[in-house]
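Chain by chain, the residues:
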Amino acid sequence: MDRDLRKKLYRQMVQIRHFEEKCAELYAGAQIGGFLHLYIGEEAIAVGAINALKPDDDVVTHYRDHGHALAKGLEVGPVMAELCGRATGVCKGRGGSMHVADVSKKMWGGYAIVGGHLPVATGLAHAHAFAKDGLVTTCFFGDAASDIGEFHEAMNFAALWKLPIVFVCENNLYGMGVPIAMNTAQQQIVQKAKAYGMPGERVDGMDVEVMHAAMTKAATHARKGKGPYFLEAMTYRFRGHSMADPELYRDKAEVEEWKKKDPIHAYRALLIKEKVFTKAQADALDQEVLAEIEAAAKFALDSPFPDESTLFDDIYTPAGGR
Amino acid sequence: MPVITYREALRQAIQEEMRADPKVWILGQNIAAYGGTYAVTKGLFEEFGPERVRDAPIEEAGIVGLATGSAMGGTRPIAEIMSINFTLVAIDQIVNHAAKMRYMFGGQWSAPMVIRTSSGYGMLAATHSQTFENWYAYVPGLRVVMPATPYDAKGMLKAAIRDPDPVMFIEHSNLYGQKGEVPDGDYVVPLDQADVKREGADVTLVCWSSMVKPCLQAAETLAGDGVAAEVIDMRALRPLDTATVIASVKKTSRCVVVEEGWRSMGVGAEIAARVSEEAFDWLDAPVGRVAGKEVPMPYAKNLEKLCIPNEQDILAAVRSIL
C-alpha cells in the first residue's frame, strides 16, 4: 500500500480516537447532551472502508457516526459544534451526535432508529442506478440491526434490483448490553446476506488495511453493476454502548483481551517497523492531531447557540429551493 | 370540458408529469403489467417501461425508504401503497425518516416524493377499513392531502409530484369511479388551500374526501327547507387551511364538522377546536360533530353501514344546532 495512504489511514484513526476522547470529556462537562455513542475501538472499519471509496460515493450510517463523518472528510470543528448543539454545527445544531451529515461530502447522515436507514441507503443506491452515474452507496450498521425487518426489506430490494450498494455490518458482539448470542439466531451475520444471494465475507474489522482491501473489492463489484455486496467486520467497542452504560454485562477480561487488538496501536507499530514513519514522527503526528481536536473543541464552545428565530426554518423546502 | 373519472384524472396527472420530467418514476405493488390494484396506473408500464414503472415487493417500509433515499439522490419517486392500512407497516419510514430528512440535517437536502395511498372500506373488515389521515397530519415535515373530486385529484397530484417535500396523497376507494369535469393538459391545485364547494350563509359544513359528497347532498336537502349550507372541502390537512373555515363561520355562525373516521383524537376535533379559538364570538351554537362509530370495522354489510356517516346523520347534526 502507498506510504501516503498508510499515513492518512493512521492519522484518521488517531483523529477519531482523540475526537471521541474529547467528546467524552465534553459530555462529562455537560457541553454535549442527549446520548453519546463513542466509536473507540472500531476506527479501522470506517477509516479503511471509506478511504477505498470515491469522494462522490455516498455514506449512510447509524447513530455511532462520528468516525464515519471524520473518515468521509468532515472537518472536526463543525462536527464538534454539532455535538455541542451550536449554530456552526454541520446540521446547524438540529441533529446532534446521532445525526451528523454533510451533503457536500456525500455524508448523508447518522440515523438513530436501528435498521431504519438501510432502506434509505438502498434508495440512494437506486438513484445512482437510475442516473447510471457509476457511483456507489455504502451503508454501515451494527450486528443487532440485522434482526429488524427493515434490514431484510433493504437486502431484498438491493439484491432484487441489483443496486450499487455495499452493506457494512460492524459486528461488535453486543446489541447495547445484550450479547449477540442472545439477540440473533444466525450469528454469522454475513449468512443473512447470502440468503438473499448476495456475495459477502466476514473480515477483521480491527485491521485497517484488511478493511481497505475488502471495501475496494466490494465497491468494485457494486460499481460494475453486479449488485450489492456485504461485509461483516468483526470488531469491539472499548467503551460502553453510550456514556450512560455501566458495562455490567461484559467481563473486564474480555474487554482487556480485545484492547490488545487495538487497531491504532497495532498499525502504529507496523508502520514504524516498515519505516513509513519513525516513532518520533508518529509522536509528532499524535500531538498535531491533539492540537487540532483542542482547536475544534474551542471552536465549538466559542460558537453561538442557534438563533431562536430560526426554530421553524427547514421544516419544508422554501419555494424554489432544493 | 371532458368528463372523466377520479381514477382517470390521477392517471393523467402521473402520465403528464412523467412525460414532462424524466426523473419522475413510480413504484408499488402490482402497478406495472397488472395496472394497479385500483387500475390507476393502467397503461403507464407500456408507455414508460420497467425502469420508470416498477413493481415492488410486498414490503412497505422498504418501498417508502427506497423512495426517500432515491428522492434524496435526485429522482422524483411516486410510491404507491395499496391501502392506507398498509402504510402502518411503513410508518417508521414515513414519520422517522421521510418527514425528518430536511429539518434534522439542518436543511441540507429535501426528499421530493409522493406517497400515494388509498383510504376506504367495502366489506373488508377491521384491518382494511380505517382512516389514518390524522396520524400523518400530526407530523411536521409531511404534507397531507385528500382530494374529493376528479378535478382536484389531477391538479393536486401534479402539484404533489412537483413539490420538493414528502407528500402523503390519500385517495379513496369509493371515489375512483366518480366522474367530474377535468381539463385536458396542465394545471395545478395548491396543496394548502381548502375549497368552498357550495356557498351558503346559514351553516358551514366542513368535510374532506368521501364526506364531501354526502355533505353536498345534505346541503341540497337543506336548501329545500330554506337553509343555505356552505360546504368547505378541506382538501389539505397539513397544512390546515383554517382561514377559509373561520371566514365561513364568521358568515354563517354555525358549523358542523363531518369526517368518515373515528371521532376521538382526529382532524375533526382539531378543526372544531380552532373554530372555538378563532371564531368563538361569532358562533350561535356549539360546533357540531359527525364522525364514524368507534368500533373496529365489522364485515357484515348492515353493521358496516352503521359505522359510516351518511346524509341523514349530517342533516340531524345541522338541525340540532339551527
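The structure presented is a predicted model; accordingly, all values stated were derived computationally and were not measured.

1. Regarding the interface of chain A and chain B
Of the residues lining the interface, 36 residues belong to chain A; the matching set on chain B comes to 31 residues. Those elements that provide at least two residues to the side of chain A that touches chain B are β2 (107–111), α5 (117–131) and α6 (149–160) of chain A. Considering each element in turn, the side of chain A that touches chain B owes the most residues, 11 residues, to α5 of chain A. Considered class by class, the residues forming the side of chain A that touches chain B number 17 nonpolar, 12 polar and seven charged.

2. Describing the environment of Glu47 of chain B
Among the secondary structure elements, Glu47 of chain B is positioned in helix α2 (residues 44–48). Separated by 29 residues in sequence, Glu47 of chain B and Met18 of chain B place their C-alpha atoms 10.0 Å apart.

3. A short note on the nonpolar core
Membership of the largest hydrophobic core comes to 193 residues, with the highest contact counts inside it found for Val166 of chain A together with Leu205 of chain B. Top element by residues in this core is helix α1 (residues 3–28) of chain A. It accounts for eight residues. The contact partners of Leu205 of chain B, leaving out residues within four places of it in the chain, are Cys215, Ala218, Ala219, Ala229, Glu230, Val231, Ile232, Val256, Val258 and Ile314 of chain B.

4. A closer look at the confidence of the model for chain B
For chain B, the mean per-residue pLDDT works out to 98, and 100% of the residues sit at or above 70. Interface confidence in the predicted complex, given as ipTM, is 0.97; pTM for the same model is 0.97.

5. Some points on the sheet that holds strand β3 (residues 53–55) of chain B
Residue and element names in this part refer to chain B. Here seven strands make up an open sheet; going across it, the order is β3-β2-β4-β5-β7-β6-β12 and the pairing mixed. Of all strands in the sheet, those bounded by a partner on one side alone are β3 and β12 (236–238). On average, each strand axis in the sheet is tilted by 20° relative to the strand beside it, whichever way the strands run. Here strand β2 (residues 24–28) runs beside strand β4 (residues 76–81); their pairing, made up of five bridges, is parallel. Of the residues in β4, the one forming a bridge with Leu27 is Ala79. Lying on the sheet, helix α6 (residues 150–162) is in contact with β2, β4, β5 (114–119), β6 (143–145) and β7 (167–172); it crosses β7 at an angle near 155°.

6. Concerning the pairing of strand β11 (residues 229–233) of chain B
Two faces belong to every sheet, and in a regular strand the side chains alternate between them. Residue and element names in this part refer to chain B. Most of β11 sits inside the fold, with five of its five residues counted as buried. Across the two faces of β11 the burial is the same, with Ala229, Val231 and Asp233 and Glu230 and Ile232 all buried. At this point the chain moves from strand β10 (residues 203–207), through helix α7 (residues 212–224), to the parallel β11, and the crossover so formed is right-handed.

Thresholds, definitions, all that
- Residues numbered from 1 in each chain as written.
- Chains lettered and ligands numbered in written order.
- Predicted model: local features only at pLDDT ≥ 70, side-chain atom pairs only at ≥ 80, totals over all residues.
- Contact = placed C-beta atoms within 7 Å.
- Helix = DSSP H or I, 4+ residues; strand = E, 2+ residues; numbered from the N terminus.
- Nonpolar A, V, L, I, M, F, W, Y, C, P; charged D, E, K, R; others polar.
- Core = buried A, V, L, I, M, F, W, Y, C linked by C-beta atoms within 7 Å.
- Buried ≥ 20, exposed ≤ 12 C-beta atoms within 10 Å, placed from the backbone.
- pLDDT = per-residue confidence, 0-100.
- Pairing = 2+ DSSP bridges.
- Axes fitted to C-alpha atoms, helices over the stretch in contact; angles between N-to-C directions.
- Right-handed = clockwise from strand over helix to strand, strands pointing away.

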